[in-house]
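# Examining the three-dimensional arrangement
One letter stands for each residue in the lines below.
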Amino acid sequence: QQKETDEQLAKLREDLAEAKETLEQLHAQTEKESLKQENTDKSEQLEQLERQQAELTERLRQLAAELADHRLTEKLAEKAAGIAERELSDARNRLDEAANETESRDQLEPISQSIDRLAAADKQLQNLQRQLDELQRLEQDLAELDRLANNAERLAEQLEKLDQQAKADAANSKKDGDNEVP
């Protein structure tokens, strides 16, 4: 399950980086247009980016739901859901603001803010991955400690049996020694 979660998170981050790069290209294009006082219709591009971010948000929500199913990752599920609700939703809202503007210069700020939200989401997802990795290490350590505790318990039982056997052997030797005629 951990491997699947790692893969989902890595794919999310990869797709997030791709969305951010596309948005940065759109920002550069919009900036050039603004300097030339040109205005091209970017509504189709912005709608496509909004759909892409909505899909990323949904995938992150699904990942959060999967994390919530496990006791060790419940808190991380809340963080993942928070990233989806705050950062990714806010990034999408900024794109919506940009789509409602007709002037390139008025689209620059919301597009820039959307890029910032995506960068913040990526940073938080990176942190989430580190926390998941740490939990995995702790879980492995706990399993190892449990194994060692079971071994110690088994050894203690064996030692108790050997001790009882030694006492029984000593008692039998004493009995045999008492039965000998001098």
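For the structure itself, look to the data block above.
Residues numbered from 1 in each chain as written. Predicted model: local features only at pLDDT ≥ 70, side-chain atom pairs only at ≥ 80, totals over all residues. Heavy atoms only, no water.

## Quick word on the overall build of the protein chain
- Helix and strand content of the protein chain: four helices and zero strands.
- Ordering the α and β elements of the protein chain from the N terminus gives α-α-α-α.
- A compact globule built from 182 residues should have a C-alpha radius of gyration of about 16 Å, whereas the protein chain, at 32 Å, is more than 25% larger.
- Its C-alpha atoms put the protein chain at 125 × 25 × 20 Å along the principal axes.
- The buried share among the 182 residues of the protein chain stands at 29%.
- By sequence separation, contacts in the protein chain at least 24 residues apart represent 78% of the contacts at least 6 residues apart.
- Element-wise, carbon and sulfur atoms account for 47% of the exposed surface of the protein chain, whose accessible area totals about 12000 Å².
- If the 27 positive side-chain charges of the protein chain are averaged to one point and the 46 negative ones to another, these points end up 3 Å apart. (Helix = DSSP H or I, 4+ residues; strand = E, 2+ residues; numbered from the N terminus. Rg over C-alpha atoms; globule rule 2.2 N^0.38 Å. Buried < 20%, exposed > 50% of the residue type's maximum accessible area, 1.4 Å probe, protein only. Contact = heavy atoms within 4.5 Å. Areas by Shrake-Rupley, 256 points an atom, 1.4 Å probe, with all protein chains shown as cover. Lys, Arg positive; Asp, Glu negative; His and termini not counted. Charge placed at Lys NZ, Arg CZ, Asp CG, Glu CD.)

## With respect to the nonpolar core
- Counting 29 residues, the largest nonpolar core has L16, L23, L60, L88, I111, L118 and L125 as its most contacted members.
- Where this core is concerned, the elements lending two or more residues are α1 (2-35), α2 (43-68), α3 (74-100) and α4 (104-179).
- For this core, the leading source of residues is α3, giving nine residues.
- Leave out the neighbours within four places in its chain, and L16 touches L56, L88, L118, A121, D122 and L125. (Core = buried A, V, L, I, M, F, W, Y, C linked by side-chain atoms within 4.5 Å.)

## Considering α3
- End to end, α3 covers 38 Å across 27 residues, agreeing with the expected 39 Å (1.5 Å per residue, within 8%).
- Considering bend angle alone, the principal kink of α3 is centred on S89 and spans about 25 degrees. (Expected span 1.5 Å × (residues − 1). Bend = angle between axes of the 7 residues up to and from the residue.)

## Some details on the packing of α1 against α2
- Two numbers describe how α1 lies on α2: the axes approach to 11 Å, and their chain directions differ by 160 degrees. Between α1 and α2, the crossing angle belongs to the class labelled roughly antiparallel. Relative to α2, α1 is oriented so that their crossing is left-handed.
- The residue inventory of the contact of α1 with α2, partitioned by class, reads twelve nonpolar, seven polar and six charged. (Axes fitted to C-alpha atoms, helices over the stretch in contact; angles between N-to-C directions. Parallel < 35°, antiparallel > 145°, perpendicular 65-115°, else oblique. Left-handed = near helix turned anticlockwise from the far one by under 90°. Nonpolar A, V, L, I, M, F, W, Y, C, P; charged D, E, K, R; others polar.)

## Remarks on the pattern of salt bridges
- Counted by the stated rule, this structure contains 17 salt bridges.
- In this structure, the salt-bridge partner of R59 is D15, at a minimum N-O distance of 2.7 Å. One end of the pair, R59, is in helix α2; the other, D15, is in helix α1, with 44 residues separating them in the sequence.
- Owing to a relative accessible area of 13%, D15 belongs among the buried residues under this scheme.
- Here E33 and K42 are joined by a salt bridge, their closest N and O atoms 2.8 Å apart.
- When its relative accessible area of 1% is taken as the criterion, K42 is described as buried. (Salt bridge = Lys/Arg side-chain N within 4 Å of Asp/Glu carboxyl O.)

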